[in-house]
Amino acid sequence: MFQSSASLSRPLPIVPAADDAPLNIVLFGPPGAGKGTQADRFSARHGIPKISTGEILRKAVDEGTGLGAAVADTLRRGALVDDGLMNRIVRARLERPDTAGGFLLDGFPRTVPQARALDAMMEERGGLIVIALHVMADVLVDRLAARGRSDDKQSVIRERLRIYARETEPVIDYYTKRGLITVLDGHYSPDVVFQSIEAAVARAK
Ligand code: AMP
């Protein structure tokens, strides 16, 4: 069909330059790896929202919402919230327009079913850049004990590290097999780790 002159006079669509492609980032790291700090800094620097599922859940608990009541006990124990519920929370959050230029996910996906659900959410949204911070277990326990969050008690810390090894390390394998992930040494100072994240993202873009 011929286009009418009216449609020809419409402004041309803006085609983003390759460099403006959305920055869709997943940041992994065991509890205590400094992931939250790095995520805050990266999202501020790049103007993309940080989506921290832990923060969303803790806020719900503090505000006493229905979601908060449903997850409070799970958070206290350091266990994982149900995949279906987490997938719904993240899907709804990614639908908000502020994610159009990208986003940084902190704390999701934490299980292989969550990673599969994220893949489905990412169809037609461009690729993911996945970064994992590696920190040795002894260092994590020391850092977490110093942090003093309500789920940072010794027994809960150990439970969260066990769950990370059991449920979340397979997610790192899942992305490794697809050649999508960069693993970075998280033992360095926050500034050095931040520079290595910037470099890894620039390479992966
Ligand atoms: P975080 O702040 O990422 O360490 O998360 C704190 C707590 O929230 C975790 O120990 C879990 O109980 C819960 N949580 C956060 N994200 C997820 C997720 N993707 N799947 C299941 N539980 C989660």
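Please refer to the structure placed before this passage.
Thresholds, definitions, all that
- The written sequence of each chain sets the order in which its residues are numbered from 1.
- Local features in a predicted model are, by the rule used here, given only for residues with pLDDT of at least 70; side-chain atom pairs are given and counted only at 80 or more, and totals for whole chains, interfaces and linings are based on all residues.
- Only hydrogens and water are set aside when side-chain values are computed; all heavy atoms of the structure are taken into account.
- A run of DSSP states H or I qualifies as a helix once it reaches four residues; a run of E qualifies as a strand once it reaches two. Both are numbered from the N-terminal end.
- Using a 1.4 Å probe on the protein chains alone, a residue whose accessible area is under 20% of its type maximum counts as buried, one over 50% counts as exposed, and one in between counts as partly exposed.
- Any carboxyl oxygen of Asp or Glu within 4 Å of a side-chain nitrogen of Lys or Arg constitutes a salt bridge here.

### So, unusual backbone geometry
In step 1: The omega torsion of the bond from Phe-108 to Pro-109 falls at 0°, within 30 degrees of zero and hence cis.
In step 2: Residue position: Pro-109 is located in the loop between strand S3 (102-106) and helix H6 (112-122).
In step 3: Residues other than glycine seldom take positive phi values, yet Glu-124 does so here, at roughly 65°.
In step 4: Here Glu-124 is to be found in the loop between H6 and strand S4 (129-134).
In step 5: Assessed through its relative accessible area of 84%, Glu-124 is described here as exposed.

### Looking at the pattern of salt bridges
In step 1: Inspection of every chain in the model, using the stated rule, returns 12 salt bridges.
In step 2: Residues Glu-55 and Lys-50 are paired through a salt bridge, measuring 2.8 Å at the closest nitrogen-oxygen approach.
In step 3: Of the residues examined, Glu-55 reaches a relative accessible area of 40% and is grouped as partly exposed.
In step 4: For Lys-50, a relative accessible area of 17% translates into the label buried.
In step 5: In this structure, the salt-bridge partner of Glu-63 is Lys-59, at a minimum N-O distance of 3.5 Å. Of the two residues, Glu-63 and Lys-59 both sit in helix H3 (residues 53-63), four residues apart, roughly one turn of that helix. Judged on exposure class, the residue Glu-63 and its partner Lys-59 are both exposed.
In step 6: Members of the salt-bridge network, linked through shared partners, are Asp-40, Lys-50 and Glu-55.

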